[in-house]
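Overview (structure and organization)
The chain contents come next:
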Amino acid sequence: MRYYLPKKEKYWYVLTVSLVLSFVWVIVLKLLLGIIFKNDTAYLNILSQSTTLRFGFGFLMIGCISTVSLLWFTQQDFIQTENQKRAVEQLAKDAELFKLRQQLHPHFLFNSLNSISALIVSQPEKARHMVQQLSDFLRGTLKKEEHVLNSLNEELQQLQLYLDIEKVRFGHRLNTVIQVEESARLLQVPALLLQPAVENAIKFGLYDVIGAVTITIHATIQGNSLQIEITNPFDEHTSQTAGGTGFGLASIKRRLFLIFGRADLLTTTAHNHIFTATILIPQKNESTYY
């Protein structure tokens, strides 16, 4: 069983092996006992008459051992197959997460470079400052690629670099309010999860509104989970955010599903020209990370 485990007709295989081994066992036992007790005629007669009984006893013993071996090695084969399956699934999840994260920043990067290009002639100092901020942001992004989860406080620090760059682009039109419970700052969040959510809020908040806009980020503890609400104003006649079908929100929802195995961790609402994206992040004592 250790060296050959049939995938089909296992029980026929056990029956055949048990019969063959029982037959061999009886023949070898009869020869050995015949040599040892060759001068004992009475024992030789008993040995000859009990061949069938010995064969039956040997068949039962070998059959039981073969069945137990079959179950054991089948279980081991199943465990190995499941481990390989999980490893393949994990590789697929990691590859998809990596692909999603690689798609997060292109629009932001292109817009930032265009803004820098426009500022180089008119405001070179501001352009130089924006290049430094962009460099710090991208450097932090690369460092966070090594980690799946970071503390909320680390994510907010990285998010602030992003907001500083966006404020250079939009000037006084962009205002942000960040409200975080102190006890929530040490809770864990997937790396770089907030940036695409805030980018989505800025995109649909400022692009459709002429005046100043306030983006609000509110983080609280709800039971054993961290809840983050990101709100932005929007124009119901020109904006499509109410359905939550943009790449930013779709990528966040997909990442949360890949990490936590749940599809209900991102919800969106739109009411009175205010769009709210609510992200629920289970902590370790509630959810098993993948």
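Predicted model only: the values in this text are computed from it and were never measured.

Turning our eyes to something else, we now look at the pattern of salt bridges. Tallied over the entire structure, the rule returns three salt bridges. Of the charged contacts in the structure, one is a salt bridge between Glu125 and Arg128, with a shortest N-O distance of 2.6 Å. Of the two residues, Glu125 and Arg128 are both situated in helix α5 (residues 124-144); the distance of three residues between them amounts to about one turn of the helix. Here Arg185 and Glu182 are joined by a salt bridge, their closest N and O atoms 3.4 Å apart.

A few words on the packing of helix α6 (residues 152-170) against helix α7 (residues 194-206). Two numbers describe how α6 lies on α7: the axes approach to 10 Å, and their chain directions differ by 30°. Overall, the two elements α6 and α7 adopt an arrangement that is roughly parallel. Note that α6 runs across α7; the crossing there is right-handed. On α7, the residues that touch Leu152, Glu155, Leu156, Leu159, Tyr162, Leu163, Glu166 and Phe170 of α6 are Leu194, Gln195, Val198, Glu199, Ile202 and Leu206. By residue class, the composition of the contact of α6 with α7 is ten nonpolar, one polar and three charged.

The subject of this paragraph is the side chain of Asn232. Tracing the backbone shows Asn232 in strand β5 (residues 225-233). Under the relative-accessibility criterion, Asn232 is labelled buried at 2%. In this view, Asn232 contacts Ala201, Phe204, Gly205, Thr214, Ile215, His273, Ile274 and Phe275; residues no more than four positions away in its chain are not counted.

With eight of nine residues buried, β5 lies mostly within the body of the structure. Here strand β4 (residues 213-222) folds back onto β5, and the loop between the two strands holds two residues, one of which, Gly223, carries a positive phi near 65°. Here nine bridges tie β5 to strand β7 (residues 274-282), and the two strands are oriented antiparallel to one another. Bridge pairing in β7 links Gln227 to Leu280.

As a further point, take the environment of Leu113. By secondary structure assignment, the location of Leu113 is in helix α4 (residues 106-122). Along the primary structure Leu113 and Leu134 are separated by 21 residues, whereas in three dimensions their C-alpha atoms are 9.0 Å apart.

Next up on the list: the pairing of β7. Most of β7 sits inside the fold, with seven of its nine residues counted as buried. The pairing of strand β6 (residues 266-271) with β7 spans six bridges and is classified as antiparallel. Pairing of Ala270 across the sheet is with Phe275, part of β7. Connecting the antiparallel pair β6 and β7 is a turn made up of two residues, with Asn272 showing a positive phi of about 55°.

Turning our attention to the sheet that holds β7. Read across the sheet, five strands follow the order β2-β4-β5-β7-β6 without closing on themselves; strand pairing throughout is mixed. Each edge of the sheet is formed by a strand with only one pairing partner; in this case those strands are β2 (174-180) and β6. Adjacent strand axes in the sheet meet at a mean angle of 15°, parallel and antiparallel pairs treated alike. Bridge count between β4 and β5: seven bridges; the pairing is antiparallel. Within β5, the residue paired with Ala219 across the bridge is Ile228. Together, β2, β4 and β5 form the strand contacts of α6, whose direction differs from that of β2 by roughly 170°.

Moving on to the nonpolar core. For soluble globular proteins, nonpolar side chains are generally found buried alongside one another. Among the nonpolar cores identified, the biggest contains 45 residues, and Leu152, Ile202, Leu226 and Ile228 are the most heavily contacted of them. Sorting elements by how many residues they give to this core places α6 first, with eight residues. Leu226 has contacts with Leu152, Ala184, Leu187, Gln188, Val189, Ala219, Thr220, Ile279, Leu280, Ile281 and Gln283, leaving out every residue within four places of it along the chain.

Here is what the cut-offs are and how they apply
- Counting starts from 1 at the beginning of each chain's written sequence and moves along it residue by residue.
- A pLDDT threshold of at least 70 governs which residues receive local features in this predicted model, and a stricter bar of 80 or more applies before side-chain atom pairs are shown or counted, although totals over entire chains, interfaces and linings include all residues.
- Think of the side-chain values as coming from all heavy atoms in the structure, minus any hydrogens and water.
- Here, a salt bridge means any Lys or Arg side-chain nitrogen found within 4 Å of an Asp or Glu carboxyl oxygen.
- The numbering of helices and of strands both runs from the N terminus, where a helix is a DSSP run of H or I of at least 4 residues and a strand a run of E of at least 2.
- To obtain an axis, a line is fitted to C-alpha atoms, over the contacting stretch when the element is a helix, and the angle between two such axes runs from 0 to 180 degrees between their N-to-C directions.
- An angle below 35 degrees is treated as roughly parallel, one above 145 as roughly antiparallel, one from 65 to 115 as roughly perpendicular, and anything else as oblique.
- Rotating anticlockwise by less than a right angle from the far helix to the near helix defines a left-handed crossing, while the corresponding clockwise rotation defines a right-handed one.
- Contacts are assigned to residue pairs that have any heavy atoms within 4.5 Å of one another.
- For this classification, Asp, Glu, Lys and Arg are treated as charged, while Ala, Val, Leu, Ile, Met, Phe, Trp, Tyr, Cys and Pro are nonpolar and the rest, including Gly, are polar.
- When accessible area is computed with a 1.4 Å probe and restricted to protein chains, residues below 20% of their type maximum are described as buried, those above 50% as exposed, and intermediate ones as partly exposed.
- Strands are treated as partners if at least two bridges between them are detected by DSSP.
- Residues belong to one nonpolar core when they are buried, are Ala, Val, Leu, Ile, Met, Phe, Trp, Tyr or Cys, and are joined through side-chain atoms within 4.5 Å.

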